[in-house]
Amino acid sequence: MPSPHRQLPLSRRGFLTASAGAAAALGLASAPASAGGRRPFGRFGSPAARLTPTTLYVDARGRGDFTTVQAAVTTVTTTGYTLVLAPGVYRETVAVAATATELTWIGASEDPRHVVIVYDNAAGTPKPDGSGTYGTTGSATTLVRPDGFTARWITFANDWLRADHPGVSGTQAVAIKVLGDRSAFHHCRFLGHQDTLYADSTSLAVFARQYFSHCYVEGDVDFVFGRGTAVFEQCHFRTLTRTDLASAPYGFVFAPSTAGANPLGYLVTRSHISSEAPDAHYKLARPWVPSSDPTARPALTVRDSRLDAGIDAVAPYANMSDSFPWQNQRFAEYRNTGPGAVITVPENRPQLTDEQAESATRAAYLGDWQPWKRGC
C-alpha cells in the first residue's frame, strides 16, 4: 500500500453524494433525495432538510454551515452534536472542548480518504508568537478532550517531514491526541511518522477508554502511544521505511505509558502489522515511562493478529530507558501469526496462557461501554 502521505486522494465530484452508510448513521434513510438518489451536499445543510438543530455541516467549498472543522467545533459547547464533513482536505488544527460531550463526526462519503484533517506542526516547530516550540501535545493536528466522542470515515494526519526540517530536533508530530473516555473511531485513518496516534487520558487517575475498529495507522517511531485504555480491533498498522537511518531499528509500533494503577492498557486483537521497510527493521513495542509518572507500568497485549516480516521476531521489544527495562513491564502476546510472530527466543516473547487470554478481551477492557454494538 503506498504511503498516503505522498498522495491524499480527494473527491473530484462537483457535489457530494451521501452514501447509504452515512445516511443511515444520520437517520436520513427516509429523507427525500434528488434525482437518481443523489443529493448535493448543500441541500443537506439547508434548513428544510436539516435532521435536527444539533447537526452541523462542514464543507470547505461553502455549501454547508461552516467551511472549517474548527469553526464548527467552536460553536459546540453542549452535548449531543453531529458534524457531517464533506470531502476535502481541511488544512487546519482542531481542538475540541471538554464540554462538547457525545460529539460525533461523520465523513459523508463513507471513505476516509475523501475527508482529511491535516496540518504540519512538530514538537520542535517554533510558535508564531515567539513563546517557544509546540512540544509533543501542541503538535497535534486534532485534539479531542470530551467524553463520548465518535468518528467515522475520516483521516487524521500530520504531514510534517524530517527531511524538510533538518535543523529541528523535536520530530514528534502528532496526528491526533485523544483524552476523553468512551472515544470511538470506526473506519478512520491516522497518518504520520513519529507519534502519530496519541491515545491518552486527562490524568493519571482517569483510565480513559478508547475503541478503534477497522482503522489504519501508519508511522515510524512510537506511532501508537499514551496511557489510555485502548482496544484496537481489526486494525491495520503499517511501518514506514526511512532513508535517514542506515541500520535497524527504524522505529517502534507501540509505546504505551499505562499508569501503574491501571490494570489494563492497550489491547490489539484480530489486527495486522505490515511494513514497507526491510525485514526485521521494526520493534513491536517499547515501554514509555514519562518523567511525569515514574510509577507507570506500560501494558500491551497483542493477540490473534498477523505480524509481517517487518517486525523483529528475535527481539521484538526494546527499552526506551535502561532504568525501566521492558521485561519489568506488562507486555504479552497470544496466538499471533506471521513471520514477525515466530517465537525463536521464548524469553523475548512473553505469552499469555489460555486462562489469562480469557480476560484479554474488548469487553474486559471497556466494561459497560460497548461501542461495537452501535454499528461501524
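Let me sum up the structure you'll find in this document. These numbers were taken from a predicted model, which means no experiment stands behind them.

Focus: the overall build of the protein chain
On a plain count of helices and strands, the protein chain comes out with 6 helices and 25 strands. Taken across its 376 residues, the protein chain has 55% of its residues classed as buried. Summed over all atoms, the accessible surface of the protein chain reaches about 15100 Å², with 53% contributed by carbon and sulfur.

Re the packing of aromatic side chains
One pass over the structure, following the stated rule, counts 20 aromatic pairs. Considering the side-chain rings of F185 and F212, the 5.1 Å spacing of their centres and the 5 degrees angle between planes classify their relative orientation as stacked. Taken together, the positions of F185 in strand β11 (residues 183-186) and F212 in strand β14 (residues 209-213) put the pair 27 residues apart, joining distant regions of the chain. With respect to burial, F185 and F212 carry one shared label: buried. An aromatic cluster is built from W105, F149, F156, F185, F190, F212, F232, F237, F254 and Y266, whose rings are joined through pairwise contacts. In this arrangement the basic side chain of R362 is found over the ring face of W372, its NZ or CZ atom lying 4.1 Å from the centre.

Details of the sheet that holds strand β6 (residues 115-119)
Taken together, the 8 strands give an open sheet; going across it, the order is β3-β6-β9-β12-β15-β18-β21-β24, and neighbouring strands pair in parallel fashion. In this open sheet, the two strands that pair with only one neighbour each are β3 (88-91) and β24 (306-307). The pairing of strand β15 (residues 216-219) with strand β18 (residues 236-239) spans 4 bridges and is parallel. Bridge assignment links E218 to a residue of β18, and that residue is R238.

Observations regarding the side chain of R209
If you trace the backbone, R209 turns up in strand β14. At 3.1 Å, the side chain of R209 and the side chain of D368 are in polar contact. Contact partners of R209, with chain neighbours within four places excluded, come to G180, D181, R182, S183, T229, Y365, L366, D368 and W369.

As for the environment of D147
With respect to the helices and strands, the residue D147 is situated in the loop between β7 (142-144) and β8 (150-152). We classify D147 as partly exposed; its relative accessible area is 33%. As a C-alpha pair, D147 and A98 span 49 residues in sequence and 7.2 Å in three-dimensional space. Residue contacts for D147: discarding those within four places in its chain leaves T101, E102, G180, D181 and R182. A polar contact of 2.8 Å, which involves the side chain of D147, links it to the backbone nitrogen of D181.

Let's talk about the pattern of salt bridges
This model, assessed by the stated rule, comprises 17 salt bridges. In this structure, the salt-bridge partner of D181 is R209, at a minimum N-O distance of 2.9 Å. You can see D181 sitting in the loop between β10 (176-178) and β11 and its partner R209 sitting in strand β14, a full 28 residues away along the chain. Summarising the burial analysis for this pair, D181 and R209 share the class buried. What you see here is one network of salt bridges that share partners, running through R91, D120 and D159.

Focus: the environment of R162
Along the chain, the position of R162 falls in the loop between β9 (155-158) and β10. Residues R162 and A173, 11 residues apart in the sequence, show an inter-C-alpha distance of 9.8 Å. Non-local contacts of R162, meaning those with residues more than four positions away in its chain, are made with T171, H193, Q194, D220, V221, R242 and D244.

Digging into the pairing of β3
Residues G88 and Y90 line the buried face of β3, whereas the alternating positions V89 and R91 sit on a face that is not buried. Two elements, β3 and β6, share 4 bridges in a ladder whose sense is parallel. Considered in β6, the bridge of R91 is made with V118.

Criteria and cut-off values
- Residues numbered from 1 in each chain as written.
- Predicted model: local features only at pLDDT ≥ 70, side-chain atom pairs only at ≥ 80, totals over all residues.
- Heavy atoms only, no water.
- Helix = DSSP H or I, 4+ residues; strand = E, 2+ residues; numbered from the N terminus.
- Buried < 20%, exposed > 50% of the residue type's maximum accessible area, 1.4 Å probe, protein only.
- Areas by Shrake-Rupley, 256 points an atom, 1.4 Å probe, with all protein chains shown as cover.
- Phe/Tyr/Trp six-rings, centres within 6.5 Å; stacked < 30°, edge-to-face > 60°.
- Lys NZ or Arg CZ within 6 Å of the ring centre and 35° of its normal.
- Pairing = 2+ DSSP bridges.
- Polar contact = N/O pair within 3.5 Å; in protein donor to acceptor, adjacent residues only side chain to side chain.
- Contact = heavy atoms within 4.5 Å.
- Salt bridge = Lys/Arg side-chain N within 4 Å of Asp/Glu carboxyl O.

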